[in-house]
Amino acid sequence: AQEEELLAVDGVGPKIARSVLLFFQQEGTATLLNKLQRCGVNTLEPTVTSRKDSNAFAGKTFVFTGSLERMTRQEARREVEQRGGRVTDSISKNTDYLVAGKNPGSKLERARELKVKVLGEGDFLDLLK
């Protein structure tokens, strides 16, 4: 993962993101992961296929801001990506939806300036259905 992807994970700040990146850059980390795999530890995220897999969000770009209460940002990202959408960390004129949770910060103001459609968490969950 890139640093911006790690920062999108709920509860991960700049220090944690840098630490994770440094851990995976260390020479011994690959050796450790190989040993774990040989012992049967699954180090890959499972691939899930379900009726959620579709192209309902194909060509759509989402940005999340604030705290989501009913899911983590990583879970929200997966929901969007399973439907063919894309998640970015910054608002631009190419953003289709800003999903605003609690304490949304400056991204909400920027989205309004750019006339990006703003969804609350409930609206986002409805869109997933």
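Residues numbered from 1 in each chain as written. Predicted model: local features only at pLDDT ≥ 70, side-chain atom pairs only at ≥ 80, totals over all residues. Heavy atoms only, no water.

Kindly report on the overall build of the protein, identifying the contributing residues and their values.
Scanning the protein from terminus to terminus reveals six helices and four strands. Secondary structure of the protein in N-to-C order comes out as α-α-α-β-α-β-β-α-β-α. Based on the C-alpha atoms only, the size of the protein along its principal axes is roughly 50 × 35 × 25 Å. With 129 residues in all, the protein has 29% of them scored as buried. In the protein, the proportion of contacts linking residues at least 24 apart, taken out of those at least 6 apart, comes to 59%. (Helix = DSSP H or I, 4+ residues; strand = E, 2+ residues; numbered from the N terminus. Buried < 20%, exposed > 50% of the residue type's maximum accessible area, 1.4 Å probe, protein only. Contact = heavy atoms within 4.5 Å.)

Before we move on, could you go through the pairing of strand β3 (residues 97-100) and cite the residues and values that matter?
In summary, the side chains of a regular strand alternate between the two faces of the sheet. Burial of the side chains of β3 extends over both faces: Y97 and V99 are buried on one face and L98 and A100 on the other. Pairing between strand β1 (residues 61-65) and β3: four bridges, direction parallel. Among the inter-strand pairings, F64 is bridged to a residue of β3, identified as V99. For β3 and strand β4 (residues 117-120), the ladder comprises four bridges, and the chain directions are parallel. Residue V99 lies in a different strand from β4, and its bridge partner there is L119. In this view, the connection linking β3 to its parallel neighbour β4 by way of helix α5 (residues 106-113) has right-handed handedness. (Pairing = 2+ DSSP bridges. Right-handed = clockwise from strand over helix to strand, strands pointing away.)

Which residues make up a nonpolar patch on the surface, and what values go with them?
Together, I16, V20, F23, F24, L32, L36 and V41 make up an exposed nonpolar region whose accessible area comes to about 570 Å². Listing elements by their share of the nonpolar patch, those giving two or more residues are α2 (14-25) and α3 (27-38). Tracing the chain through its elements places L36 in helix α3. (Patch = residues over 30% accessible without salt bridge, like charges linked within 9 Å, V, L, I, M, F, W, Y side chains within 5 Å. Areas by Shrake-Rupley, 256 points an atom, 1.4 Å probe, with all protein chains shown as cover. Salt bridge = Lys/Arg side-chain N within 4 Å of Asp/Glu carboxyl O.)

So what's going on with the side chain of T95? Which residues, and what values?
Tracing the backbone through its elements, the reader meets T95 in the loop between β2 (86-88) and β3. Judged by relative accessible area, T95 falls into the buried class, the value being 6%. From its side chain, T95 meets the backbone nitrogen of S92 in a polar contact 3.0 Å long. Ignoring any residue separated from it by four or fewer positions in sequence, one finds T95 in contact with T61, V63, S90 and V116. (Polar contact = N/O pair within 3.5 Å; in protein donor to acceptor, adjacent residues only side chain to side chain.)

Got a sec to walk through unusual backbone geometry? Specific residues and values, please.
Even without being glycine, N103 reaches a positive phi, approximately 50°. Phi at K115 is positive, roughly 60°, even though this residue is not glycine. Its place among the elements puts K115 in the loop between α5 and β4.

Account for the pattern of salt bridges, with residues named and values stated.
Applying the stated criterion to the full structure yields six salt bridges. A salt bridge links E81 to R77; its shortest N-O distance comes to 3.6 Å. One end of the pair, E81, and the other, R77, are both in helix α4 (residues 73-82), four residues apart, so they sit about a helical turn from each other. According to the relative accessible area criterion, R77 is buried, its value standing at 9%. In this structure, D89 and R77 form a salt bridge, with 3.9 Å as the shortest nitrogen-oxygen distance. Of the two residues, D89 sits in the loop between β2 and β3 while R77 sits in helix α4, which places them twelve residues apart along the sequence. Look at D89 and you get partly exposed, because its relative accessible area is 26%.

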